[in-house]
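Architecture at a glance
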Amino acid sequence: MAKKRTNKYKKHIKQSPGSIVYTGENPTEKLFIDVFDYAIDFVKESELKSVEEAFNFKHTNSNTWININGLNHIQDIEKIGKHYNLHPLIMADIANTSQRPKIDVYDDYIFVILKMLYYDENEDIKIEQISLVLGENYVLSFQEIEGDVFDNVRERLRLANGRIRTLGADYLLYALIDAIVDHYYIVSETMGNKIEDLEEILFNGELKKDLSKQILNLKKEVLKIRRAIFPIREIISRIEKNEHALIQPNTIQYYRDIYDHVIQLSDSIDIYREMVWSLMDMYMTSISNKMNEVMKVLTIIATIFIPLTFIAGIYGMNFDHMPELHFRYGYVILWGIMIVIFLGMLYYFKRKKWL
Amino acid sequence: MAKKRTNKYKKHIKQSPGSIVYTGENPTEKLFIDVFDYAIDFVKESELKSVEEAFNFKHTNSNTWININGLNHIQDIEKIGKHYNLHPLIMADIANTSQRPKIDVYDDYIFVILKMLYYDENEDIKIEQISLVLGENYVLSFQEIEGDVFDNVRERLRLANGRIRTLGADYLLYALIDAIVDHYYIVSETMGNKIEDLEEILFNGELKKDLSKQILNLKKEVLKIRRAIFPIREIISRIEKNEHALIQPNTIQYYRDIYDHVIQLSDSIDIYREMVWSLMDMYMTSISNKMNEVMKVLTIIATIFIPLTFIAGIYGMNFDHMPELHFRYGYVILWGIMIVIFLGMLYYFKRKKWL
Amino acid sequence: MAKKRTNKYKKHIKQSPGSIVYTGENPTEKLFIDVFDYAIDFVKESELKSVEEAFNFKHTNSNTWININGLNHIQDIEKIGKHYNLHPLIMADIANTSQRPKIDVYDDYIFVILKMLYYDENEDIKIEQISLVLGENYVLSFQEIEGDVFDNVRERLRLANGRIRTLGADYLLYALIDAIVDHYYIVSETMGNKIEDLEEILFNGELKKDLSKQILNLKKEVLKIRRAIFPIREIISRIEKNEHALIQPNTIQYYRDIYDHVIQLSDSIDIYREMVWSLMDMYMTSISNKMNEVMKVLTIIATIFIPLTFIAGIYGMNFDHMPELHFRYGYVILWGIMIVIFLGMLYYFKRKKWL
Amino acid sequence: MAKKRTNKYKKHIKQSPGSIVYTGENPTEKLFIDVFDYAIDFVKESELKSVEEAFNFKHTNSNTWININGLNHIQDIEKIGKHYNLHPLIMADIANTSQRPKIDVYDDYIFVILKMLYYDENEDIKIEQISLVLGENYVLSFQEIEGDVFDNVRERLRLANGRIRTLGADYLLYALIDAIVDHYYIVSETMGNKIEDLEEILFNGELKKDLSKQILNLKKEVLKIRRAIFPIREIISRIEKNEHALIQPNTIQYYRDIYDHVIQLSDSIDIYREMVWSLMDMYMTSISNKMNEVMKVLTIIATIFIPLTFIAGIYGMNFDHMPELHFRYGYVILWGIMIVIFLGMLYYFKRKKWL
Amino acid sequence: MAKKRTNKYKKHIKQSPGSIVYTGENPTEKLFIDVFDYAIDFVKESELKSVEEAFNFKHTNSNTWININGLNHIQDIEKIGKHYNLHPLIMADIANTSQRPKIDVYDDYIFVILKMLYYDENEDIKIEQISLVLGENYVLSFQEIEGDVFDNVRERLRLANGRIRTLGADYLLYALIDAIVDHYYIVSETMGNKIEDLEEILFNGELKKDLSKQILNLKKEVLKIRRAIFPIREIISRIEKNEHALIQPNTIQYYRDIYDHVIQLSDSIDIYREMVWSLMDMYMTSISNKMNEVMKVLTIIATIFIPLTFIAGIYGMNFDHMPELHFRYGYVILWGIMIVIFLGMLYYFKRKKWL
């Protein structure tokens, strides 16, 4: 019997709409906030002790990236949201980790939800939601747990000569999204490798019993990745078209670059999808082929020996008058006949290409 | 033979178009109306004795939610409709429970038809139509039977400090739609669980005979849910774009939040759809696999014993001159030969990976 | 051999384009014209003797519905067309019964082609083309044969108090289209019942040989219905958007109601389509299941008796030295061994769940 | 082995783009030009001796249709093109017979490429490209070989009273396109007949070996026809919308009539497409059904006789002590037992509905 | 086991976005630059020794085509890019050979990425990326390795009387793109031939084991080609609509010609796609057919000889009282009976059309 599953939504729907509820499955013990405050001539990296310390960066001239980890600490998240004037619905979206990637454009900030994708050590795909808020000269990022794909961005922030230090928070937002999208390539390629591995197994004819399970899981993974990546196309094109005051005109072309990447990824994923669908066909064909082979062996053996056994049966009968039984060379002649039949059959199968 | 089905439309078409006919299958004994009259500083909950009592709320300053249960009481429904100036076609739509979800925007009210979805105790999907009318400062809701998904909304109305009390009837309409959409999540998740249960059964190879029936039913359920949910996207986006005087600008973003939810649900349902389609393939593959296994056993047994039986048949013949029969160790040697053949066959099958 | 089919288009193409040719297969003996002339305070129903009588209604103040049956009477049709200033191409369209549903909007009239659908006594779907012309204050309807879906409309015209008498010819056109669309519901529901009947037959495993034929015919019917219904969506939305002087603003919402119905029907038909496609899969699966069952019986019997027969063959051999043959209890022991093998096999199949 | 195919494009690509190269496979010995020069009061039909004679019709007041057959005579084609000011790319398109149907609108002429479709005597579909140029008061038509679908147009031109003589070159262009589209109906209907023939063969269970080949060929034909017809929708709608000075407003509605026809054809072809796809399923099912039947016969015979043969084998054994062998009625009793088993089996198969 | 694959993206993502990294697999030993400098009255062809020599052509009046081969020489590429004011993101795109075909329109140049397709000697499809930059009066082209599809363009440049010499750099860009697209026709036709070869093999019933592998590879090739060709439609239509100052109005129609070609190619590829999908079905059908044939032989032989063997078994029994054994003509009569059974079976199979 199938195991009992719990319905996690049932408990949530007793809430007021827009109430902030953490729906993820990875609560952290404490909130962890790290901050990069930087301008062209300095960079200050710090880890905050309390939420309140994060309030100071709102009206500075420098650019600030506040990275908040631990979405289960609802009260703290709420405090930050209030200080930075975030709409209650946005706060709810941040905490609800089953959001679809989307963009909400407000007058004084832009809110983006994306999914970070990676394969864990068991080669299972993992999806972590990340929420990004771009304000006047700050970027807030909200993650479920520590550990992310931004180490590369951090390193570039630390370097004095990087482009990232000279440009504003809109470029920082771009750099973060770009880092996320860059990781999609790894996921996409791993997916491609998995498909090719399965193909090879199928072509080698090793029809293990759980192959159909693996193919189905691959199907689901492709659908999951699709679902995480496809909405980004719309997100980026809304950034491009919106001409929001927070996005500098010269940053737009960087976002366009991400757009190109996402289109390219979407293409790949659609091809993977078709390939996975084909794998199932391939699998069915392989099974049929195998069955065919089995049937042929059975047919050959049975078709050859059934008539011969009949002949042997004839001369095992106990009739009083069976003259052949008393011929001098009856037995030898019979062997001759049977060998002729045997060889004739073999020739027939050869011609039919069953051998 | 298939049972005789009745064609319920046949009787209706003798009607004038726009005439109000109840087409549902759940008539109630009496009309049941409950009313929430509220403003920021008070809330009055009441159950009405007669339809006429519902007329008083049209021109009050407070917000009012009039919830009418029992669509078979046509005359009463009609009276309310007339008092609130509803178009005859709308009255017909309310009573006709097989409507598609839709929105009709009139100058002085907005009319929305939605479907409430839930699983009954037999895990069969149930669909109940609900019609909502948003007027100046009232919301009318028409349901087929008592019992709905709005208990959460009621509770929040009763609380003095909720956002819902401070905002207008447009927010109430949002809250009702949101409650309906929230319940879709439960349905969607139950559907997901059902699919996973079937998958597990298929992977475990328990090919019960009615599996294809179950898969087909699942298919139908997915299509039904799709049909209930997909049109909502258009409904919400028409509310958003319409800039109707009845919808306050600051409520719009709440509707946008529903829109995001519906998009997310649509995504899930499309994935479920693909999964259910795959289940059928999976089932076919499982059957083929099973057949393959059966064939292999048959082939192995037959292929081993048919030649051996032939040999035994040979030496059961009654020829006068069969020298082997008189050899001292003829019988033992034959056993040896047969055992060699037997082992050779086993080795062959082993190599072919049929064992 | 397939029967010889005639190619009915071959004979037509020698015609000038726009020439009026009746392409249907139901010629009537004589043209039959019935007229409803009505206003708010009177209604006059008459059957016309000659085509010329139909000319009088063009410039009256009353509304008139002229219903012409018998499209093979080309000359008469042409006379009416000329009197009412219909474009030659429209006359050609009326007579050509294989038109696609469409709307042509001219300055002083609107021309609509629709399909009436019904099941005949053999449960075969029948399609009859109907052409409607809405003029200043008249509606012309052209049908192939007498007998239609408008009895309901006629009755309402006869009643003094109906909405239809108070409104203009544009409402009459709506009422006629609505009556046609209402009949689609019957067809759609019959189709649904047919599908469910087939499903039940499939689930009960009665795999009659012509099931695939029935499924294919159902497929064709769905495609035919789709083709008749889908274009209506565009027709109605063009009426809505066109703001033609002949359509009163307050009639528009009635057309919108038809639009909703057609969308709903389209939804149903698309679901039917998917269900019919699934039926074929279901049928394939059933065949495979059946084959599986047959194979299992064969395998069980053969697998049990082939080895036993081999053993019996062994002791039917005529070797001089077969000590077992001379044992006191040889025969009994052999029976014992064979029974053990038999039971062992049964147990094996039981465990494999083949029994 | 598959035969060696030549790659006809390889030789062309050494050409400058826009160079005029004949790519068809039906070169004619000489260019053949026939001309219809006509106005409301006269018509002059002539066959031209040289290309230069075709130059005179450019600036006449009468309407002229110049029909040029033989696209391999590049130089002559080029001369005409230059005289009538056709763009070099258009000349290249005319000679390249693998163009897709399209329209190019220039200031002083309209260029249309279409495909004539017909079935040859072997019921193979043939496609011939035709290029049409509509100028001030002339139409040029370029065909690969003599023989076309325009005989009907010619006859109407010869008649003094036809509409075609009173209207301009734009109507002539319409008449030519209409003649081409009219022929599509024949092709479409022949296609429909072919599909129904195959269906009947499949339903009658005559599974000839090349059926899958026939179905695949049908598939290809449908795709070819689709490809020839579908682009015409866009061509016509561009003519309609363009409001080009060469197209009179009152001719537009004739083009719209073609548009309706093409939409109708597209519908039919899409239905054919689905039907052909279904044929393959049908074929697979028929094969499975056939296999099922074969299996059942095998199973019945084997299942009945294998146990009986075993019993016979038992009493063919040579044990010294087999008491049954010496019973007075042993042989008769055994026959009785075997007949009981035989009948029991038959009953079992009857109940299983395998007989 | 599947071989270990490397994930080439992993190493790249440690880079700053927009950093120039060569991602191809064909590094060349040295950069190779060849230049065509031409105007209507002269042409100068040269091979550059150093990158710096390429700088002189920016502000000349003549048109220049600078063709750079060897994308792994990042520094050199970067120098050229800087001199010609190319945006850093464009430099990155040039070096990243896994770009999707696209166009980026800047104020003073147009950047186009395309894919050159060709089959190598093993009939495997090869894809090489080419980047084109159109500036004031120069075209830069960046290729991974030497050897391209432009020999035809070069030859035309060398000729004094070609159209290409009289027109500007925008026409040169067109000529290059046209040369690339022309080569697609070869690829498309080779693909078509491959499909037809496979079809023929399938129809001849030569079911080699790796056929499904070949079909899958074909599927992948079609998807790859699709991916290379489809985006070009958008590229060209953006060139057409953009009305960029660098593109002369009279060149536009040449681009439109490419557009027609690409649409035509897209059509072909979509048809190929459907055909390849059909091949898989065809293959499955062939396997089923083959199995059917094998089963029939088995069934015929077994069904004929199993009952006969049973009869022989009967008269091999050792009962004391078997009167038939002692009949004078018992043996002969039995042979007669067996021959009758044999012929009866043959007749039955004949009637069933299994023979």
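Just so it is clear, the structure is predicted and the values come from calculations on it, not from any experiment.

What counts as what
Every chain begins its residue count from 1, and numbering advances along the sequence as written. Note on labels: chains are lettered from A, ligands numbered from 1, in written order. In keeping with the predicted nature of the model, local features appear solely for residues at pLDDT of at least 70, side-chain atom pairs appear and are counted solely at 80 or more, and the whole-chain, interface and lining totals rest on all residues. Side-chain metrics rest on all non-hydrogen atoms present in the structure, leaving aside hydrogens and water. Working definition: helices are DSSP H or I runs of at least four residues, strands are E runs of at least two. Numbering for both runs from the N terminus. C-alpha atoms define the radius of gyration in this analysis, and the globule rule sets the expected value at 2.2 Å times the number of residues to the power 0.38. Here the term buried applies to any residue with accessible area under 20% of the maximum for its type, exposed to any over 50%, and partly exposed to those in between, with areas from a 1.4 Å probe on protein chains only. Whether two residues are in contact is decided by their heavy atoms, any of which lying within 4.5 Å being enough. For every accessible area listed, the method is Shrake-Rupley and the probe measures 1.4 Å; residues are considered covered only by the protein chains on display. Charge assignment: positive for Lys and Arg, negative for Asp and Glu; neither His nor the chain ends contribute. Throughout, a charge is located at the NZ atom of Lys, the CZ atom of Arg, the CG atom of Asp or the CD atom of Glu. Copy-to-copy alignment: least squares on C-alpha atoms, limited to residues at pLDDT 70 or above in both. Note on definitions: salt bridges are taken to be side-chain nitrogens of Lys or Arg within 4 Å of carboxyl oxygens of Asp or Glu. Angles shown run from 0 to 180 degrees and are taken between the N-to-C directions of axes, each axis being a line fitted to C-alpha atoms and, for helices, limited to the stretch in contact. When an angle is under 35 degrees it counts as roughly parallel; over 145 it counts as roughly antiparallel; between 65 and 115 it counts as roughly perpendicular; any other value is oblique. Take the far helix as the reference: if the near one is turned anticlockwise from it by less than a right angle, the crossing is left-handed, and if turned clockwise, right-handed. Gly counts as polar in this scheme, as do all residues outside two lists: the nonpolar Ala, Val, Leu, Ile, Met, Phe, Trp, Tyr, Cys and Pro, and the charged Asp, Glu, Lys and Arg. The rule for pairing is simple: two strands pair if DSSP sees at least two bridges between them. Put simply, two rings from Phe, Tyr or Trp (the six-membered ring, in Trp's case) pair if the centres are within 6.5 Å, and we call them stacked under 30 degrees between planes, edge-to-face over 60, tilted for the rest. Only lysine NZ and arginine CZ atoms are considered, and such an atom sits over a ring when it is within 6 Å of the ring centre and within 35 degrees of the ring normal. Expected span of a helix, by definition, is 1.5 Å for each gap between consecutive residues, and there is one gap fewer than residues. Defined here as a combined quantity, buried area equals the accessible surface (1.4 Å probe) lost by two parts on assembly, summed across both. Pairing of N or O atoms within 3.5 Å defines a polar contact, subject to two protein rules: one partner must be a possible hydrogen donor and the other a possible acceptor, and residues neighboring in sequence count only if both atoms are side-chain atoms. pLDDT expresses how confident the predictor is about each individual residue, on a scale running from 0 to 100.

1. Some remarks on the overall build of chain A
Across its full length, chain A carries nine helices and seven strands. Taken against the 2.2 N^0.38 rule, which gives 20 Å for 355 residues, the C-alpha radius of gyration of chain A at 34 Å runs more than 25% over that of a compact globule. The dimensions of chain A, computed from C-alpha atoms along their principal axes, are 120 × 45 × 30 Å. The buried share of chain A, reckoned over its 355 residues, is 62%. Intrachain contacts of chain A at a sequence separation of at least 6 include 69% that bridge at least 24 residues. For chain A, the exposed surface amounts to about 14900 Å²; the carbon and sulfur share of it is 52%. Where the 43 positive side-chain charges of chain A centre and where its 49 negative ones centre are 9 Å apart.

2. A few points about unusual backbone geometry
Residue and element names in this part refer to chain B. For N85, which is not glycine, the phi torsion reads 65° and is therefore positive. Structurally, the position occupied by N85 is in the loop between α2 (74–83) and α3 (88–95). You can call N85 partly exposed: its relative accessible area is 48%.

3. Examining the relation of the copies chain A and chain E
With an RMSD of 0.2 Å, chain A superimposes on chain E once it is rotated by 72° and translated 0.1 Å along the axis. Expressed as a symmetry operation, the mapping of one chain copy onto the other fits a five-fold axis. Every residue of chain A has its C-alpha some distance from the rotation axis, and the shortest such distance is that of A:G316, at 4.6 Å. The share of interface residues of chain A whose copies in chain E are also at the interface is only 17%, consistent with the copies meeting through different surfaces.

4. With respect to the pattern of salt bridges
Considering all chains together, one arrives at 91 salt bridges over all chains under this definition. A salt bridge links A:K79 to A:E52; the shortest N-O distance between them is 3.5 Å. Taken together, the residues A:K79 in helix α2 (residues 74–83) and A:E52 in the loop between β2 (42–48) and β3 (63–69) connect sequence positions 27 residues apart. For E:K79, the salt bridge goes to E:D76, with nearest N and O atoms at 3.9 Å. Residue E:K79 and its partner E:D76 are both found in helix α2 (residues 74–83); the two are separated by three residues, about one turn of the helix.

5. As for the packing of helix α7 (residues 211–242) of chain C against helix α8 (residues 249–314) of chain C
Packed helices, taken two at a time, are described by the angle their axes make and the gap between the axes. All names here are of chain C. Running from N to C, α7 and α8 cross one another at 160°; their axes reach a closest spacing of 9 Å. With respect to their mutual orientation, α7 and α8 come out roughly antiparallel. Here α7 runs over α8; the crossing is left-handed. Grouping the amino acids of the contact of α7 with α8 by side-chain chemistry returns 25 nonpolar, three polar and seven charged.

6. A look at the sheet that holds strand β2 (residues 42–48) of chain E
Residue and element names in this part refer to chain E. Taken in spatial order, the seven strands of this open sheet run β2-β1-β3-β7-β6-β5-β4, and their pairing is mixed. Edge positions in the open sheet fall to β2 and β4 (102–105), since each of these has one partner strand only. Taken over all neighbouring pairs, the strand axes of this sheet differ in orientation by 15° on average, direction set aside. Relative to strand β7 (residues 138–143), strand β6 (residues 125–134) is paired through five bridges, and the arrangement is antiparallel. In the sheet register, S131 faces β7, and the bridge partner there is F142. Along the sheet, helix α3 (residues 88–95) contacts β4, β5 (110–119), β6 and β7; its crossing angle with β5, the most-contacted strand, is approximately 5°. Each of β4, β5 and β6 touches helix α7 (residues 211–242); the most contacted strand, β5, lies at about 150° to it.

7. Concerning the packing of aromatic side chains
This structure, assessed with the given rule, holds 74 aromatic pairs over all chains. Ring centres of D:Y174 and D:Y255 lie 6.0 Å apart, and the angle between their planes is 70°; this geometry places the pair in the edge-to-face category. Of this pair, D:Y174 sits in helix α6 (residues 169–203) while D:Y255 sits in helix α8 (residues 249–314), and the two are 81 residues apart along the sequence. Note on accessibility: D:Y174 and D:Y255 belong to one class, buried. Chaining the aromatic ring pairs together yields one cluster made of A:F305, A:Y315, A:Y331, A:W335, A:F342, B:F310 and B:F319. Note that D:K219 overlies the ring of D:W277, its terminal NZ or CZ placed 4.5 Å from the centroid. Across from the ring centre of E:Y329, 5.4 Å away, lies the NZ or CZ of E:R328, which sits over that ring.

8. Quick notes on helix α8 (residues 249–314) of chain A
Because an α-helix packs 3.6 residues into every turn, residues spaced three or four apart end up facing the same way. Taking 1.5 Å of rise per residue, 66 residues should cover 98 Å, and α8(A) covers 98 Å from first to last C-alpha, within 8% of that figure. For α8(A), the tally of buried residues reaches 52 of 66 residues, placing the bulk of the element in the interior.

9. Describing the interface of chain D and chain E
Contact residues are listed per partner, giving 64 residues for chain D and 63 residues for chain E. Roughly 6100 Å² of surface becomes buried between chain D and chain E when both sides are summed, with 61% attributable to carbon and sulfur atoms. Where chain D touches chain E, the interface holds six salt bridges. In this structure, the salt-bridge partner of E:D260 is D:K102, at a minimum N-O distance of 2.5 Å. Counting across the chain D and chain E interface gives 19 residue pairs in polar contact (both at pLDDT 80 or more).

10. A few points about the side chain of A:R154
For A:R154, the position within the fold is in helix α4 (residues 151–158). Polar contacts involving the side chain of A:R154 include one to the side chain of A:D151, which spans 3.0 Å.

11. Topic: the confidence of the model for chain A
Residue and element names in this part refer to chain A. On average, residues of chain A score 86 in pLDDT, and 94% of them reach the 70 mark or higher. At the level of individual helices and strands, chain A shows its lowest average pLDDT in helix α1 (residues 8–12), which scores 53, and its highest in strand β7 (residues 138–143), which scores 94. Per the prediction output, this complex has pTM 0.81; the corresponding ipTM is 0.76.

12. A word on the environment of B:Y38
Residues and elements named next belong to chain B. By the element assignment, Y38 lies in strand β1 (residues 32–39). The class for Y38 is buried, based on a relative accessible area of 0%. Taking C-alpha positions, Y38 is 7.0 Å from R165, a pair spaced 127 residues apart along the chain. Ignoring anything within four residues of it in the chain, the contact list for Y38 reads V43, S62, N63, L157, I164, R165, L167, G168 and L172.

13. Some thoughts on the packing of helix α4 (residues 151–158) of chain E against helix α6 (residues 169–203) of chain E
All names here are of chain E. Two numbers describe how α4 lies on α6: the axes approach to 9 Å, and their chain directions differ by 145°. Where α4 abuts α6, its residues V153, R156 and L157 lie against Y171, L172, A175, L176 and A179. Of the residues contributing to the contact of α4 with α6, the split by class is seven nonpolar, no polar and one charged.

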